[in-house]
Amino acid sequence: MNNIYLIGFMGSGKSSVGEKLSLLLGYNYVDTDQAVEEAYNKKIVDIFSDEGEQAFRTYESKMLQKVSVGESVISTGGGLIESEQNIKEMKNAGIIIYLEASYNTIYNRLKTDLSRPLWNQNREKQEALYEKRIQLYRTCADEKFLTDDKTIDAIATEIKYHIVNNSN
Ligand code: S3P
């Protein structure tokens, strides 16, 4: 087993679950959003407003390549799967796990969140993005885990058992 990539919509719990899963498995933990913010010394919301979404996409793809070298749990930004090259990169270097959460769960978690530029849009646009993205997540994932009404610990434990039982 190489890397374990967590994909899913904004607010689906990738970072919290990823961190917990890495502890359970004894893997390194990487969060691509956090790594981009540290590398460029800038908040994502500021990268979007100063340089535009495309610049952010370039930074996150470069970061994905950089961090895909070892044996890590890697939480990815919700839009990273919009690039086919990124999907190829993840498929080549590990397993892709989709954390699925319903729109209502996401909405309740993120209704006051201002740190995600693509969430800070009207409800119609949020729903359209959600519908478009879930097709992409489902298509590129090796495994899907349902996360509604589950704790971070429960989801991480479920994924750990799946990984351990399928590692031979
Ligand atoms: C994005 C999701 C965010 C972050 C950026 C763009 C997206 O990450 O990468 O705001 O396009 O869905 P999270 O999924 O960790 O919120």
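Being a predicted model, the structure only gives us computed values, none of them experimental.

Caption draft 1: Focus on the overall build of the chain. Within the chain, the secondary structure is distributed over eight helices and five strands. The secondary structure elements of the chain, listed N-terminal to C-terminal, are β-α-β-α-α-α-β-α-β-α-α-β-α. Computed over the C-alpha atoms, the radius of gyration of the chain is 15 Å, within 12% of the 15 Å expected from 2.2 N^0.38 for a compact globule of 168 residues. Its C-alpha atoms give the chain principal-axis dimensions of about 45 × 35 × 25 Å. In the chain, which comprises 168 residues, the proportion classed as buried is 48%. Averaged over its 20 positive side-chain charges, the chain has a centre that lies 1 Å from the centre of its 25 negative ones.

Caption draft 2: The arrangement of the site of the ligand in detail. In the region of the ligand, 13 residues are neighbours, and K14, D33, R57, R116 and R133 sit closest. One of the side-chain N or O atoms of R116 is found 2.6 Å from an oxygen atom in the ligand. Each residue belonging to the shell around the ligand can be placed in one class, and the counts come to five nonpolar, three polar and five charged.

Thresholds applied
- Residues numbered from 1 in each chain as written.
- Predicted model: local features only at pLDDT ≥ 70, side-chain atom pairs only at ≥ 80, totals over all residues.
- Heavy atoms only, no water.
- Helix = DSSP H or I, 4+ residues; strand = E, 2+ residues; numbered from the N terminus.
- Rg over C-alpha atoms; globule rule 2.2 N^0.38 Å.
- Buried < 20%, exposed > 50% of the residue type's maximum accessible area, 1.4 Å probe, protein only.
- Lys, Arg positive; Asp, Glu negative; His and termini not counted.
- Charge placed at Lys NZ, Arg CZ, Asp CG, Glu CD.
- Near = heavy atom within 4 Å.
- Polar contact = N/O pair within 3.5 Å; in protein donor to acceptor, adjacent residues only side chain to side chain.
- Nonpolar A, V, L, I, M, F, W, Y, C, P; charged D, E, K, R; others polar.

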